[in-house]
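Here is what each chain is made of, one letter per residue.
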Amino acid sequence: MAANMYRVGDYVYFENSSSNPYLIRRIEELNKTANGNVEAKVVCFYRRRDISNSLIMLADKHAKEVEEESETTIEVDLTDKQKHQLKHRELFLSRQYESLPATHIRGKCSVALLNETESVLSYLEKEDTFFYSLVYDPSLKTLLADKGEIRVGPRYQADVPDMLVEGELDDREQAKLEVKVWDPDSPLTDRQIDQFLVVARAVGTFARALDCSSSVRQPSLHMSAAAASRDITLFHAMDTLHKHNYDLSSAISVLVPLGGPVLCRDEMEEWSASEASLFEEALEKYGKDFNDIRQDFLPWKSLTSIIEYYYMWKTTDRYVQQKRLKAAEAESKLKQVYIPTYNKPNPNQISSNNGKPAAVNGAMGASYQAQATVIGRACESCYTPQSHQWYSWGPPNMQCRLCASCWIYWKKYGGLKMPTQTEEDKLSSSQPTEEPHVRTHLSRQATQGTPVRNTGSPKSAVKTRQAFFLHTTCWTKLARQVCKNTLRLRQAARRPFVPINCAAIKAEYADRHCELAGNPLKIKSTRKPLSCIIGYLEIHPAVKPNVIRSTPSLQSPSAKRLLAPSNHSSLSILGKRNYSHHNGLDASASAIKTSTIPVIKRQRQNWLDASDDSFFIATEETRLHYNKEPCLAHAKLCIF
């Protein structure tokens, strides 16, 4: 019952998608809507996967600086797996609020400010425990250090000297340690001091009557007298009395100099009514975060002035009234809400063989029956081939899946238990530095949580699509020509994950083997040689001359001349006709003939821009055939 009761201030999981990890929020308010539903006003926390790569690098830099400054190392004797999982426990606080339905709550968690004196292993040993040290601004895309850090440790402690022995004299100079501002053993009595303070208040009231700005702010005599009775006037009067060795006549003469009475005003009088309303609005939004109040609402005020005004504002009737209103609003709002355990089946569950979903959310009890092992891929996180419940994970075309325990870890912590091949390369310091564009692909893939599988390809670890390679044998080439009807290459290409019925192909090949015994299969090329195409174009010229458009890859002078307009009847700039016009040659035919002369080098395509990551492996058998066959046979094999 207590586990399903959620109160204001609790850190909870919210589910906004069946396939994405939970959102981590802190409940600030529980409000009941008009239709009877309960909505929670929450503070947002963000994971590392939710922020950009540049901010992740900034967070790592901040963690290293904190580790260097602290006397106790944070990451002490951590394995690669622990470092990988520790990143899933790090959150980023934000000042963003949002309202979510309370029915989307999926459990409680714990979030705390990173304690430098505590080992980070304590966060890994506890379930549903997270930490944060930086504040993330979603609108400005910035990371800042949290100003509410607790200064604990030897760096923030004072050096206390040893206690003096009884009778030992203190040889320190007291004038350097403290300043005396009042003497309680003065020759004046308490009644004389009170009379002097009354005179100081009267002088302050008269000074406000003479000041034009004060008369506007305190138009009545009652308000001026109240302002003159504040602490600033009393502190000035007692300081004046102490400086003149408690001589009343000398102190009174200082209160009223030749220029007029002395006017002492504090921050409550210096601030206007509009500035006071801005401060109350900022305090409602940011709380006691005075830096944000100054930056967004009162940039013309100093931080000292804002803090001083806050503590003076707390002594006014305005503060008391607002405190009573907030207390009344809190009484009318909900204090807690009961959310039953969510036990509906997840859409990402992979159904069992009979078509019915298996155990929901991995629930196990006395009547639990182990699900039969599903033939397919192993878990993408822990690589186990067996689980009582499987969940589809990642893009649909990848057909990846997670076991029950790894799925719960993914939903709670937003990552996989075991580091992938890419992340292991990042953690190991012995790996050489990659190129900038390769490193960009690695960071993007690791941040987005895209599945990475080591297929043996030299470049498969950095591709965003699934990597595979084709190893074509002689029997495969033979089956393409003999068993076309059964193989159906186009349909097989559209469904690369569907297995091919090899038994049917072998049966068809056995039936047709007798027919092909006397007539061996010949590889015929459907493409005609280039010379035949040029000869055909010479005999059958085109009706309309084809204008060959220039391309950026044609940089040779001969190619530029061929790309000139085909209208040779027009004069050039110098008024002369070209050679082909004077000799009566066919411009279109000559252009076609000479177009074969320049050899244009093809630009090599960047492998990062390729749609698929595929390569061919040459075996010893193919190398022997390659050396024995002539060059013409090589060309036919390439076409085949």
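Residues numbered from 1 in each chain as written. Predicted model: local features only at pLDDT ≥ 70, side-chain atom pairs only at ≥ 80, totals over all residues. Heavy atoms only, no water.

A. Seen up close, the overall build of the chain. For the chain, the count of helices and strands is 27 helices and 11 strands. Of all intrachain contacts in the chain linking residues separated by at least 6 positions in sequence, the fraction that spans at least 24 positions is 62%. Within the structure as shown, the chain displays about 43,400 Å² of accessible surface, and the carbon and sulfur contribution to it stands at 55%. (Helix = DSSP H or I, 4+ residues; strand = E, 2+ residues; numbered from the N terminus. Contact = heavy atoms within 4.5 Å. Areas by Shrake-Rupley, 256 points an atom, 1.4 Å probe, with all protein chains shown as cover.)

B. Geometry of the pattern of salt bridges. If you walk through the whole model with that rule in mind, you get 17 salt bridges. Among the ionic pairs, Asp-10 bridges to Lys-108, the shortest N-O distance being 3.9 Å. In this pair, Asp-10 sits in the loop between strand S1 (5-7) and strand S2 (11-14) while Lys-108 sits in strand S6 (residues 105-113), placing the two residues 98 residues apart along the sequence. Accessibility expressed as a relative area gives 32% for Lys-108, which makes it partly exposed. A salt bridge links Lys-326 to Glu-284, with the nearest nitrogen and oxygen atoms 3.3 Å apart. A residue pair is termed long-range when its members are at least 10 positions apart, and Lys-326 in helix H14 (residues 317-332) and Glu-284 in helix H11 (residues 273-286) qualify at 42 residues. Through salt bridges with shared partners, a single ionic network connects Glu-15, Arg-106 and Lys-411. (Salt bridge = Lys/Arg side-chain N within 4 Å of Asp/Glu carboxyl O. Buried < 20%, exposed > 50% of the residue type's maximum accessible area, 1.4 Å probe, protein only.)

C. Spatial organisation of the environment of Val-199. Along the chain, the position of Val-199 falls in helix H5 (residues 190-210). By relative accessible area, Val-199 is classed as partly exposed at 33%. Put simply, Val-199 and Ala-237 are 38 residues apart on the chain and 9.2 Å apart in space, counted from C-alpha to C-alpha.

D. Spatial organisation of the environment of Ser-110. Along the polypeptide, Ser-110 turns up in strand S6. Classification of Ser-110 as partly exposed rests on a relative accessible area of 36%. Separated by 20 residues in sequence, Ser-110 and Phe-130 have C-alpha atoms that sit 6.1 Å apart.

E. A look at the pairing of strand S7 (residues 129-137). Counting buried positions along S7 yields eight of nine residues, so the element is predominantly enclosed. In this structure, S7 lies alongside strand S8 (residues 142-145), joined through four bridges in antiparallel fashion. Across the sheet, the residue bridging to Val-135 is Leu-144, located in S8. (Pairing = 2+ DSSP bridges.)

F. Region of interest: the packing of aromatic side chains. A complete count under the given rule lists 21 aromatic pairs for this structure. Geometrically, the ring pair formed by Phe-279 and Trp-313 is edge-to-face, given 5.9 Å between the ring centres and 80° between the ring planes. Residue Phe-279 is located in helix H11, and its partner Trp-313 is located in helix H13 (residues 303-313); the two are separated by 34 residues in the primary sequence. By the burial criterion, Phe-279 is buried, and Trp-313 matches it. Grouping aromatic residues by their ring pairs yields a cluster made of Trp-271, Phe-279, Phe-290, Tyr-309, Tyr-310, Tyr-311, Trp-313 and Tyr-319. (Phe/Tyr/Trp six-rings, centres within 6.5 Å; stacked < 30°, edge-to-face > 60°.)

G. How the structure looks around the side chain of Ser-387. Looking at the secondary structure, you find Ser-387 in the loop between strand S9 (336-338) and strand S10 (390-393). Looking at Ser-387, its side chain comes within polar contact range of the main-chain oxygen of Gln-389, at 2.8 Å. From its side chain, Ser-387 meets the backbone nitrogen of Ala-404 in a polar contact 3.3 Å long. (Polar contact = N/O pair within 3.5 Å; in protein donor to acceptor, adjacent residues only side chain to side chain.)

H. Quick look at a nonpolar patch on the surface. Nonpolar side chains collect at one region of the surface, where Leu-530, Ile-533, Tyr-536 and Leu-537 lie side by side and expose about 400 Å² of accessible area between them. Tracing the backbone through its elements, the reader meets Leu-530 in helix H22 (residues 530-539). For Leu-530, a relative accessible area of 56% gives the class exposed. (Patch = residues over 30% accessible without salt bridge, like charges linked within 9 Å, V, L, I, M, F, W, Y side chains within 5 Å.)

I. Seen up close, the packing of helix H8 (residues 231-243) against helix H9 (residues 248-255). At a closest axis distance of 9 Å, the pairing of H8 and H9 adopts a crossing angle of 135°. Here H8 is positioned oblique relative to H9, judged by the angle of their axes. The way H8 lies across H9 gives a crossing that is right-handed. On H9, the residues that touch His-236, Thr-240 and Leu-241 of H8 are Leu-248, Ala-251, Val-254 and Leu-255. (Axes fitted to C-alpha atoms, helices over the stretch in contact; angles between N-to-C directions. Parallel < 35°, antiparallel > 145°, perpendicular 65-115°, else oblique. Left-handed = near helix turned anticlockwise from the far one by under 90°.)

J. Layout of the environment of Met-418. Tracing the sequence through the fold places Met-418 in the loop between helix H15 (404-413) and helix H16 (421-427). On the basis of relative accessibility, which here comes to 28%, the residue Met-418 falls in the partly exposed class. Among all residues touching Met-418, those that are not within four sequence positions of it are Lys-81, His-84, Ser-381 and Cys-382.

K. Unusual backbone geometry, seen in detail. The phi angle at Asn-245 is positive, at roughly 55°, despite the residue not being glycine. Inspection of the secondary structure assignment puts Asn-245 in the loop between H8 and H9. Since its relative accessible area comes to 64%, Asn-245 is described here as exposed. Unusually for a residue other than glycine, Tyr-383 sits at a positive phi of about 65°. Looking at the secondary structure, you find Tyr-383 in the loop between S9 and S10.

L. Local environment of the packing of H11 against H13. Between H11 and H13, whose axes approach to 12 Å, the crossing angle comes to 90°. One way to sum up the angle between H11 and H13 is to call them roughly perpendicular. Of the residues in H13, those touching H11 at Ala-276, Phe-279, Glu-280 and Leu-283 are Ile-306, Tyr-309, Tyr-310 and Trp-313. Class assignment for the residues of the contact of H11 with H13 results in seven nonpolar, no polar and one charged. (Nonpolar A, V, L, I, M, F, W, Y, C, P; charged D, E, K, R; others polar.)

M. Spotlight on the nonpolar core. Counting residues in each nonpolar core, the largest one holds 15 residues, and the members touching the most others are Ile-24, Phe-45, Leu-91, Cys-109, Val-111 and Phe-130. For this core, the elements supplying multiple residues, two or more each, are S2, strand S4 (38-46), strand S5 (90-101), S6, S7 and H15. Broken down by element, the residue count for this core peaks at three residues, all from S7. Beyond its immediate sequence surroundings of up to four residues, Val-111 is in contact with Tyr-11, Ile-24, Phe-45, Leu-91, Phe-130 and Tyr-132. Residues Ala-276, Phe-279, Ile-293 and Leu-298 belong to the second largest nonpolar core, which totals 14 residues. (Core = buried A, V, L, I, M, F, W, Y, C linked by side-chain atoms within 4.5 Å.)

N. Just the side chain of Gln-85, in detail. Its place among the elements puts Gln-85 in helix H2 (residues 80-88). For Gln-85, a relative accessible area of 16% translates into the label buried. Filtering out sequence-adjacent residues up to four positions away, Gln-85 remains in contact with Leu-124, Tyr-409 and Lys-417.

O. Inspection of the confidence of the model for the chain at higher detail. Averaged over the chain, the pLDDT score is 74; the fraction of residues at 70 or greater is 68%. Per-element confidence in the chain ranges from a low mean pLDDT of 40 for helix H25 (residues 587-594) to a high of 95 for S2. Throughout residues 422-466 the model reports pLDDT below 50, and contacts reaching past four residues in sequence, or to other chains, amount to 72 contacts. Confidence over residues 550-597 falls short of pLDDT 50; this stretch has 30 contacts with residues more than four positions distant or in other chains. (pLDDT = per-residue confidence, 0-100.)

P. View of the state of the cysteines. Scanning the model with the defined rule gives zero disulfides in all. Of all cysteine sulfurs, the one in Cys-406 lies closest to Cys-403, which takes part in no disulfide; the gap is 3.4 Å. Of the residues examined, Cys-403 reaches a relative accessible area of 3% and is grouped as buried. (Disulfide = S-S within 2.5 Å.)

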